[in-house]
Amino acid sequence: MWRRVASVSHLFSHSKSTKFNQGGSTFKIWETITSESEIPTPSKGSPFITFVLGGPGSGKGTQCAKIVEAFGFTHISAGDLLRREIASGSAYGSVILSTIREGKIVPSQVTVQLIQKEMESSDNYKFLIDGFPRSEENRKAFEQTIGTEPDVVLFFDCPEQEMVKRVLNRNQGRVDDNIDTIKKRLEIFDELNWPVINYYSLRGKLNKINAVGTVDEIFEKVRPIFAPLSK
Ligand SMILES: Nc1ncnc2c1ncn2[C@@H]1O[C@H](COP(=O)(O)OP(=O)(O)O)[C@@H](O)[C@H]1O
Ligand SMILES: Nc1ccn([C@@H]2O[C@H](COP(=O)(O)OP(=O)(O)O)[C@@H](O)[C@H]2O)c(=O)n1
Ligand SMILES: [Mg+2]
């Protein structure tokens, strides 16, 4: 079984940064320039982990499907794992359901355990972890339990209006895809996810992608990040 103790540090070089304001603080986000020499060579002895961040409806799941197809990753959606847990009638089911209904974040212990189980039962070593970490608590719990940091962090940057429109049109019968819960999810995203985005930006790991455009246009911005990896 893979298990990595030391983390891979800086994988990408950065040439351009953008400043923005959030909650009265100024943050700096790096626009990433990737090149083949900067991607570590993944090996079957250790996992290659990509965290996929972005607000609700920013297109995380859609782009993950494209990355899986092109680069042979295993897609682990934290939201899907939690929904599966509800459907399975697990002891945590009712707490998870009410948390999702309220647009809040499920305790990290639950989510990390589900992610860990998926990773450990997979034959693959390339993982896309979608919708996680959504808070600093999520991030720290993963680091402590799995004992490693992500190799790559993607952040799909999408205007709120566009995210609301997409979620309301999603039609997957989700209990949280209604206007009241979306408002709550966007508030929680602003409050809890930005510190995570800022953390990875400061560590030089963040790949910010403008998520406005067609699915294929956005994937053409994602592709170069993984191009050095074979399928
Ligand atoms: N680039 C895009 N333009 C328009 N609609 C999109 C785009 N990407 C995804 N969608 C649609 O928006 C909705 C939300 O996408 P999804 O991938 O589920 O986002 P997330 O996982 O970030 O919530 C889905 O119905 C999806 O088909
Ligand atoms: N790391 C996570 C991921 C999702 N969730 C919960 O699951 C809900 C749906 O997550 P999701 O990733 O499927 O949602 P989208 O961003 O894809 O729309 C979130 O709004 C949270 O309530 C969580 O608590 N912790
Ligand atoms: Mg999703």
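These notes cover the structure that comes with them.

**Observations regarding unusual backbone geometry**
No. 1: With an omega dihedral of -5°, the bond running from Phe132 to Pro133 counts as a cis peptide bond.
No. 2: For Pro133, the location among the structural elements is in the loop between strand E5 (126-130) and helix H5 (136-146).
No. 3: One non-glycine residue, Asn171, lies in positive phi territory at about 55°.
No. 4: Mapped onto the secondary structure, Asn171 falls in the loop between helix H6 (160-168) and helix H7 (179-202).

**Here's the deal with the nonpolar core**
No. 1: Phe51, Ile115, Met119, Ile129, Phe132 and Phe142 are the most contacted members of the largest nonpolar core, which has 30 residues in total.
No. 2: Elements supplying a minimum of two residues to this core: strand E3 (48-54), helix H2 (78-87), helix H3 (93-101), helix H4 (108-120), E5, H5, strand E6 (152-157) and H7.
No. 3: Considering every element that reaches this core, the biggest residue donor is H7, with six residues.
No. 4: In terms of nonpolar packing, the next biggest core, distinct from the first, is built from 24 residues, Val52, Phe71, Phe73 and Ala211 among them.

**A few points about the site of ligand 2**
No. 1: As a structural note, the neighbourhood of ligand 2 is formed by 18 residues, with Lys60, Lys104, Val106, Arg134 and Arg185 the closest of them.
No. 2: Separating a nitrogen atom of ligand 2 from a backbone N or O atom of Gly131 is a distance of 3.0 Å.
No. 3: Here Arg174 contributes a side-chain N or O atom positioned 3.1 Å from an oxygen atom of ligand 2.
No. 4: Bound to the protein, ligand 2 loses 96% of the 530 Å² it would expose on its own.

**Quick notes on the pairing of E6**
No. 1: Counting buried positions along E6 yields five of six residues, so the element is predominantly enclosed.
No. 2: Two elements, E3 and E6, share five bridges in a ladder whose sense is parallel. Paired with Thr50 across the bridge in E6 is Val152.

What counts and how
- Residues numbered from 1 in each chain as written.
- Chains lettered and ligands numbered in written order.
- Predicted model: local features only at pLDDT ≥ 70, side-chain atom pairs only at ≥ 80, totals over all residues.
- Heavy atoms only, no water.
- Helix = DSSP H or I, 4+ residues; strand = E, 2+ residues; numbered from the N terminus.
- Core = buried A, V, L, I, M, F, W, Y, C linked by side-chain atoms within 4.5 Å.
- Buried < 20%, exposed > 50% of the residue type's maximum accessible area, 1.4 Å probe, protein only.
- Near = heavy atom within 4 Å.
- Polar contact = N/O pair within 3.5 Å; in protein donor to acceptor, adjacent residues only side chain to side chain.
- Areas by Shrake-Rupley, 256 points an atom, 1.4 Å probe, with all protein chains shown as cover.
- Pairing = 2+ DSSP bridges.

Everything listed here is a matter of geometry and, on its own, says nothing about what the molecule does.
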